[in-house]
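Chain by chain, the residues:
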Amino acid sequence: DAGVTQSPTHLIKTRGQQVTLRCSPKSGHDTVSWYQQALGQGPQFIFQYYEEEERQRGNFPDRFSGHQFPNYSSELNVNALLLGDSALYLCASSSLSGRAQRLGKLFFGSGTQLSVL
Amino acid sequence: SQQGEEDPQALSIQEGENATMNCSYKTSINNLQWYRQNSGRGLVHLILIRSNEREKHSGRLRVTLDTSKKSSSLLITASRAADTASYFCASSGDAGNMLTFGGGTRLMVKP
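Read on for an overview of the structure.

Rules of the game
- Residues numbered from 1 in each chain as written.
- Chains lettered and ligands numbered in written order.
- Predicted model: local features only at pLDDT ≥ 70, side-chain atom pairs only at ≥ 80, totals over all residues.
- Heavy atoms only, no water.
- Helix = DSSP H or I, 4+ residues; strand = E, 2+ residues; numbered from the N terminus.
- Rg over C-alpha atoms; globule rule 2.2 N^0.38 Å.
- Buried < 20%, exposed > 50% of the residue type's maximum accessible area, 1.4 Å probe, protein only.
- Contact = heavy atoms within 4.5 Å.
- Pairing = 2+ DSSP bridges.
- Salt bridge = Lys/Arg side-chain N within 4 Å of Asp/Glu carboxyl O.
- Axes fitted to C-alpha atoms, helices over the stretch in contact; angles between N-to-C directions.

## Things to note about the overall build of chain A
Moving on, step 1. A count of helical and extended segments in chain A gives zero helices and eleven strands.
Moving on, step 2. Compactness check: chain A gives a C-alpha radius of gyration of 14 Å against a globular reference of 13 Å for 117 residues, within 12% of the reference.
Moving on, step 3. On the principal axes, the C-alpha backbone points of chain A span a range of 45 × 25 × 25 Å.
Moving on, step 4. Residues counted as buried form 50% of the 117 residues belonging to chain A.
Moving on, step 5. Contacts in chain A between residues at least 24 apart in sequence constitute 55% of all its contacts with a sequence separation of at least 6.

Okay, here's the thing in structure tokens:
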């Protein structure tokens, strides 16, 4: 049973460029959340996708957008990259359907380390 | 901004000792969770305590929750070198699974 997979593992971009990060949730999960973790800090919630729609959003600008596909996988897009966007981007999956929904436990991928130069 | 604060930010102990980490949060919660992170990679869920619970155990882990003080603590007993990692508390305000993380405690267990 595959866990949460993210690609790529590392990425280097320059300011102003655009980037797309990808995530496949754990088998049986239908919800994907994205988090940004700056060096030495805790993860910050970007947004959550369920049923191919953005369900919740954190305090991030519109440069951050996402998408969820019918197979529950998800993409995170960041436009007009800034130096401050350099961080570890974590994808987490869970299930909002069925008995598991109230438990709130998240399963995280290993993350994509984005460096903006 | 982070939902809560963790204390201490860094902790260094000898193998076999107990490690205690504290977490405070700001708003009412549905549950509070603790996660572990090795070397800045993915987080691993350790334990979840619901807002109507006061204490929970899982192996060498003991978590307490005081909703009146908006605080929680994680105790790791008989620590091992393999417990070296960063530990984060995360609060959930509803059943929607959105988590708000604290800044983390970096634990080092010396063999």
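From this point, things continue past the structure.
## Points about the pairing of strand β11 (residues 105–110) of chain B
All names here are of chain B.
Moving on, step 1. Burial of β11 is one-sided: the residues T105, L107 and V109 facing one way are buried, the residues R106, M108 and K110 facing the other way are not.
Moving on, step 2. Pairing between strand β9 (residues 85–92) and β11: three bridges, direction antiparallel. Pairing of S86 across the sheet is with R106, part of β11.

## Digging into the pattern of salt bridges
Once their charged atoms are close, side chains differing in charge can pair, the charge on each being opposite to the other.
Residues and elements named next belong to chain B.
Moving on, step 1. Across all of its chains, the model carries six salt bridges over all chains by this definition.
Moving on, step 2. With a closest N to O distance of 4.0 Å, D83 and R36 form a salt bridge. Taken together, the residues D83 in the loop between β8 (71–76) and β9 and R36 in strand β4 (residues 31–37) connect sequence positions 47 residues apart. Taken individually, D83 and R36 each receive the classification buried, so the pair is uniform in this respect.
Moving on, step 3. As a salt-bridge pair, R62 and E55 come within 3.2 Å of each other at their nearest N and O atoms.
Moving on, step 4. Each member of the salt-bridge network shares a partner with another, and the members are R36, R60 and D83.

## Looking at the sheet that holds strand β6 (residues 55–58) of chain B
Residues and elements named next belong to chain B.
Moving on, step 1. If you trace the five strands from one edge of the open sheet to the other, you get β1-β3-β8-β7-β6, paired in antiparallel fashion. On the outer flanks of this sheet lie β1 (5–7) and β6, each paired with one strand and no other. For this sheet, the mean inter-axis angle between neighbouring strands, taken without regard to orientation, is 15°.
Moving on, step 2. Note: β1 against strand β3 (residues 19–24), three bridges, orientation antiparallel. By the bridge assignment for β3, E6 is matched with C23.

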